[in-house]
Structures are given as structure tokens and as C-alpha cells.
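Here are the chains, one letter per residue:
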Amino acid sequence: MIFENLPLNDNILDALWDMHFTECTPVQEQCIPYILKGRDIIGVAQTGTGKTAAYLLPILNMLDDDRQYPADDRVYPENAINCVIMSPTRELAQQIDQAMQGFSYYMPDINSVAVYGGNDGTRYDTELKALQLGADIIIATPGRLISHIQLGNVDFSKVSFFVLDEADRMLDMGFYDDIMKIAKLLPSTCQTIMFSATMPDKIEDLAKTLLTNPATVKLAVSKPAEKIHQQAYICHEDQKMRILQNLFQNNRLQRVIIFAKSKLKCKEIRIDLTKMKVNCGEMHSDLSQAERDEVMFRFKSGQTDVLVATDIVARGIDIDDIAMVINYDVPTDVEDYVHRIGRTARADRDGEAITLVRGYDIGYFMAIERFLEKTVEKLPLPNGMQGPEYRPLKGKPSRQGKRGNRANVKSGAKKGSPRKYHAKKKQGNHKNNKQKES
């Protein structure tokens, strides 16, 4: 279907024409009519399917119609917050705001502001002014918006639209309580729109809590593009860095993203690659907004060859020329694997995806192969290294090298023995040592 066949006004269609958008994606074709009719909706579709336009276009259309043909009792008042869009990350909030600027090009009376943390005082003052004057559309990360709410900077009494973008990611990042606090401040008549890449039980529970008689649009998770050449190394954990070293020695690798499961692992990989003289940067939630912007600018502009990142860049970040994605750790969810390797082979380009599969992650990778309905090519380990057999392993990963290893402790150890002492010491420091993943 083309956009002109949808009940969108001329200002929207002219902006889409200027942006060379003519045909709807399936999620846009199915969601836009429901939203225009005022229905609550839950859309389940992966990143890259056009979800942002699926909710922005109908919301902008309704706001603009109200401004062009004002009634005595205006539905969407000026100088008031009419729409709140929640985003899990600053980067996605910025991207939504950029899309908003393009779609609303012919709507000078409609304004928006992106609200997210990690900024200097000047940026905060800009947010504060926009909130107090009543920007039509607020695009915000939960934590930053809660801060403004606590300071009394926000009036939600006129809000008509509440959008949760990448709701599953927000719940994974621990924003459930913040979302519920914000939702309780909204009018009961607010139209709620939720988009998620996956539909676990926790998303269904959230939808039942926030949405009223919602329409459901669910698109199956697409398989990765055929242009992505998928390969894997079956290896032990301590062999992964040597595999990376071999890859970077034998190839002039540029435009590469390496995904790690935690920000700690991300930092460690970046340090090791720097020692190998690899021109790389790191991206994770410990960085300030200014640092994130600098890292992304350097990578997008080609000043940095390799970006080591947590899943903070697996979704919603558009970089068209990524040549290779390396999964340093196997994603535990098929959808995460699809999102990660989907960063490459974009805009009619070819791409490569390499996954380093340790023994205890073989079961996860086999699940990925079942979803792909094909066997991913297994590459021989370099330099004569021997990896584990490709079969699921039971139990937990080895803790060799740690004091108090069960293998080094005789059965029947007496109270007060080194094993007991170290176990108590470890238990006492558990909270301090635990690393929070991004």
C-alpha cells in the first residue's frame, strides 16, 4: 500500500514525498488506521520495520488537523503537552526527535522536545522551558522525565497520547516502576500506544494494565537478510580474544561492531583491542551523553574503525555502512541475535556476522539455528586451537582459578577451613562485586 491510500492529510503526504517515502511497511499499513480511529494498540514488530512512523504519522496528522480546522472546543490545545513518547535510551529518543522534525516539516505550529539525561545545564534549561511552555510532543527517557516530574516541571493534564517505544527494552532496563508512575499522572482518556520487538509475559501484563481494549498488530520476527554471511567459531571463553586478534591481523577490518553482554566485558574488550593497535571505541550506559555523542560521531564519520558495544546500539540506531558484526557473546534470545546482526547488510550492501560460541552457549546458538532453519557455517579455530564439541553442555560455567574451587577442596572440610572462609567472604561482598549488565 502507498501512503496516499491512507487517510493522512496533505502536510503529512508532502513531507513523506520530500523524504522519498511512498510505500508503507506492513506495520505502518496495519497500525496507522487503528491509531487514527483512537484505538489503543499494541504492535509487535522488530526494529527496522518502520514503527516510529507507524505512530508519529497518525499522531501528527490528528494534531495538525485540529490546528488547521479549529473547533470552539479545541481537542488538542496549544501551549500544552499533548503527547508523551517514552524511549529506553537517549540515542533512540534523539532518533525519534529527528524523524519528528522531518514528518512535521509543513506543520510549523507543532513542536517537540527530546528529554534525556547526561546533558549540561544549557540543555536542561532548554528542556525546562519547553516543558513549562507546553511542547506538543515530549520524547523522553523514563529517568529524566521522572526527575522533571519530581521538580514540578510537567503538567500532564491535557495529554491525549501516551506512546511506549521498545517497551520490552524498557522493562529489561528496569524502568517498570518509572513507567507506572508516569502513566498514573495521565488522564484516563489518554490513548495508549505500545510497541515492542518481543511479546514476553511481562509485556502482556503491562499491556493489560495500561491499555483499554487494544488492537493487536503482530508481525513475525523476520529472518536476517540473505545478504548477511553468517559464521561462527566454537571456542572456549579464553580463546575469544585470540580469535579477534587473528581476525584483525589477517584482515583490514573497518566499520565493525562487536557486541558484548555487559558493560564490564565491553570495557575489557576495548582495552585488549587497543593493545593490539585496533582503532576502536566503546559504547555502553556508563558513558555520559556527551561521551556517547562523541563516540557515535567518531564511528559514523570513520574516525574509529571498531565500536565495542552492549545492546544499547542493537536496536533503533541507523548506521548504513557496517561491514561486519561480531557477537563476542551469544545472545540468549533469537530476537536479540536478529537485531544485532541486522546492523549490517543495510541499504543494499552485503555484510558479515561472526559469533563466538563458547561451550555453555552452544544450546542458545542451536536455538538460533533452528529459528534460521539453517546451519550456520562453523569456522576452524586459528593457530591449531582446539574448541569444544558442538553439543549442548549441562551445568554451569567452570569457575576454575577462583579460590575455594570445589575441585580443590577435600570432602568433609571442617568449619573454619579456607573454603568456608572464602565462601563467607564472597557472600558478604556479593552486592559490591555484582556487575550490572546494560
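Structure's up top.
Parameters at a glance
- Residues numbered from 1 in each chain as written.
- Predicted model: local features only at pLDDT ≥ 70, side-chain atom pairs only at ≥ 80, totals over all residues.
- Heavy atoms only, no water.
- Helix = DSSP H or I, 4+ residues; strand = E, 2+ residues; numbered from the N terminus.
- Expected span 1.5 Å × (residues − 1).
- Buried < 20%, exposed > 50% of the residue type's maximum accessible area, 1.4 Å probe, protein only.
- Axes fitted to C-alpha atoms, helices over the stretch in contact; angles between N-to-C directions.
- Parallel < 35°, antiparallel > 145°, perpendicular 65-115°, else oblique.
- Contact = heavy atoms within 4.5 Å.
- Pairing = 2+ DSSP bridges.
- Arc of directions from axis to C-beta.

Visitor: Just to check I follow, could you spell out helix 4 (residues 90-103) for this structure?
Guide: An α-helical segment advances 3.6 residues per turn. Residues three or four places apart therefore align on the same side. Its 14 residues place the ends of helix 4 20 Å apart at the C-alpha level, agreeing with the 20 Å of an ideal helix rising 1.5 Å per residue. With 10 of 14 residues buried, helix 4 lies mostly within the body of the structure. Among the residues of helix 4, Arg-90, Glu-91, Leu-92, Ala-93, Gln-94, Ile-96, Asp-97, Ala-99, Met-100 and Phe-103 are the ones counted as buried.

Visitor: Would you mind going over unusual backbone geometry with me for this structure?
Guide: Most peptide bonds are trans, and most residues other than glycine sit at a negative phi. In this structure, Asn-213 is a non-glycine residue whose phi angle is positive, near 45°. Its place among the elements puts Asn-213 in the loop between helix 9 (201-210) and strand 7 (215-218). Even without being glycine, Arg-255 reaches a positive phi, approximately 55°. Owing to a relative accessible area of 12%, Arg-255 belongs among the buried residues under this scheme.

Visitor: Help me out: how do you make sense of the packing of helix 1 (residues 10-18) against helix 3 (residues 51-68) in this one?
Guide: Between two packed helices, what matters for the description is the angle formed by their axes and the separation of those axes. Running from N to C, helix 1 and helix 3 point in directions that differ by 135°, and their axes come no closer than 9 Å. Relative to helix 3, the element helix 1 is oriented oblique. Counting all contacts with helix 1, which are made through Asn-11, Ile-12 and Leu-16, the residues of helix 3 involved are Leu-57, Leu-60, Asn-61, Asp-64 and Gln-68.

Visitor: Where do I start with the sheet that holds strand 10 (residues 280-283) in this structure?
Guide: What links the strands of a sheet is backbone hydrogen bonding, and the strands pair in either a parallel or an antiparallel sense. Within the open sheet, the 7 strands sit side by side as 10-11-9-12-13-8-14. Their pairing is parallel. Both outer strands of the open sheet, strand 10 and strand 14 (377-378), are each paired with one neighbouring strand and no more. As paired strands, strand 10 and strand 11 (residues 306-309) are joined by 4 bridges and run parallel to one another. By the bridge assignment, Gly-281 is partnered in strand 11 with Leu-307. Sitting on the sheet, helix 11 (residues 263-275) touches strand 9 (256-259), strand 10 and strand 11, and the angle it makes with strand 10 is about 175°.

Visitor: Would you explain helix 9 in this entry?
Guide: Of the positions making up helix 9, those classed as buried are Ile-203, Leu-206, Ala-207 and Leu-210. Buried positions in helix 9, seen along its axis, are confined to an arc of 100° and lie on one side of it. Of the residues in helix 9, the exposed ones pointing more than 90 degrees away from the buried face are Asp-201 and Lys-208. Looking at the buried residues of helix 9, the elements they touch are strand 1 (41-44), strand 5 (161-164), helix 7 (167-172), helix 8 (176-184) and strand 6 (191-196).

Visitor: Help me out: how do you make sense of the pairing of strand 8 (residues 228-235) in this one?
Guide: For a regular strand, the rule is simple: side chains alternate between the two faces of the sheet. Summarising burial for strand 8: 7 of the 8 residues are buried, a large majority. Relative to strand 13 (residues 351-358), strand 8 is paired through 8 bridges, and the arrangement is parallel. The residue of strand 13 that forms the bridge with Cys-235 is Arg-358. Of the pairings in the sheet, the one linking strand 8 to strand 14 comprises 2 bridges and is parallel in character.

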